[in-house]
Amino acid sequence: AALWNNGTSVTYSGVTATDNVSVASGPTCDIASGTNFVVGTTTVTCSATDNAGNVGSATFTVTVTYTDTTPPVVTVPDDMTVTTLTDGTKTITFVASWFDEGGGVAMTCSTEHGVSASDVNRISNPPDNDYDVTIDVPIGTTTITCTATDEVGNPATPASFTVTVNAPADTTPPVITATNITI
């Protein structure tokens, strides 16, 4: 089995040639022992020639498997502080990314309150795998956690950061009501 999805070096032996009289050359194979074989099945053809010029050949297959056991790695931004213009929540957009040697990752982000990202859009292609993530955050400090699972089910270690949403600044002076007094 390969340790990486780009194959592995395969050393083989035991390819022999015999003849009823004698073998002049070979056996030689079209893919040499020690070559890097890609994941999948590759056919190797070997041939030998006898002293009369007769050529014999045979094939065998080399099957290289790869099992992805490495989880994706998720990256989130640093903690941030924002101010909302209204009471309630603030919609924020941030960039989160993942890396996985196998690819095919599904990424999700949500708050500690169970609010999931309303929008997750890829903004760059591999190897960057950056996503714009949009989510509503209430006033106060909220932890946002992003995670990912690759195409074979390996889950990432969740990555978190906090968002502090400050209430809007009070710029309205108090209204004073006074009643005239007559004595």
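Residues numbered from 1 in each chain as written. Predicted model: local features only at pLDDT ≥ 70, side-chain atom pairs only at ≥ 80, totals over all residues. Heavy atoms only, no water.

## Regarding the overall build of the protein
Keep this limit in mind: Numbering of helices and strands runs from the N terminus, with a helix taken as a DSSP run of H or I at least four residues long and a strand as a DSSP run of E at least two residues long. Taken over C-alpha atoms, the radius of gyration is set against a globule rule of 2.2 Å times the number of residues to the power 0.38. Note on exposure labels: buried denotes an accessible area under 20% of the residue type's maximum, exposed denotes more than 50%, and partly exposed covers the range between, all computed with a 1.4 Å probe on protein chains only.
Looking only at helices and strands, the protein has zero helices and 13 strands in total. Taken from N to C terminus, the helices and strands of the protein fall in the order β-β-β-β-β-β-β-β-β-β-β-β-β. Its C-alpha radius of gyration of 33 Å places the protein more than 25% over the 16 Å reference for a compact globule of 183 residues. Dimensions of the protein along its principal axes, counting C-alpha atoms only, are 140 × 20 × 20 Å. Expressed as a percentage of the 183 residues in the protein, the buried residues total 27%.

## Let's talk about unusual backbone geometry
With omega at 5 degrees, the peptide bond leading from Gly26 into Pro27 counts as cis. Within the element layout of this structure, Pro27 appears in strand β2 (residues 23-29).

## Points about the side chain of Asp68
Counted only if it meets this: Each polar contact in these results corresponds to two N or O atoms within 3.5 Å; when the atoms are within protein, one needs to be able to donate a hydrogen and the other to accept it, and residues that are neighboring in sequence are counted only if both atoms are side-chain atoms.
Here Asp68 lies in the loop between β5 (55-64) and β6 (73-75). In this structure the side chain of Asp68 is engaged in a polar contact, spanning 2.9 Å, whose partner is the backbone nitrogen of Thr70.

## Examining the sheet that holds strand β9 (residues 106-111)
Test applied: One requirement defines pairing of two strands: DSSP has to find at least two bridges between them. Working convention: axes come from line fits to C-alpha atoms, limited for helices to the stretch in contact. Angles between N-to-C directions cover 0 to 180 degrees.
Judged by pairing direction, the sheet is mixed, and its four strands sit side by side in the order β7-β13-β12-β9 without closing on themselves. Of all strands in the sheet, those with a lone pairing partner are β7 (80-83) and β9, marking the two edges. When the angles between neighbouring strand axes are averaged without regard to direction, this sheet yields 25 degrees. Note: β9 against strand β12 (residues 140-149), six bridges, orientation antiparallel. Across the sheet, Thr111 pairs through a bridge with Ile144, a residue of β12.

## Quick look at the pairing of strand β13 (residues 159-166)
Of the two faces of β13, only the one carrying Ala159, Phe161, Val163 and Val165 is buried; Ser160, Thr162, Thr164 and Asn166 on the other face are not. As paired strands, β12 and β13 are joined by seven bridges and run antiparallel to one another. In the sheet register, Thr141 faces β13, and the bridge partner there is Thr164.

## What about the sheet that holds strand β8 (residues 89-99)?
As summarised here, the arrangement of the four strands in space is β6-β8-β11-β10, forming an open sheet in which the pairing is antiparallel. Single-partner strands in this sheet number two, and they are β6 and β10 (119-122). Between one strand axis and the next, the sheet turns through 30 degrees on average, direction left out of account. For β10 and strand β11 (residues 130-138), the ladder comprises four bridges, and the chain directions are antiparallel. Bridge pairing in β11 places Asp119 opposite Thr134.

## Looking at the environment of Val115
Rule in force here: In this description, contact between two residues means that some pair of their heavy atoms is separated by no more than 4.5 Å.
Tracing the sequence through the fold places Val115 in the loop between β9 and β10. Not counting chain neighbours up to four residues away, the residues in contact with Val115 comprise Cys109, Ser110, Ile135 and Asp136.

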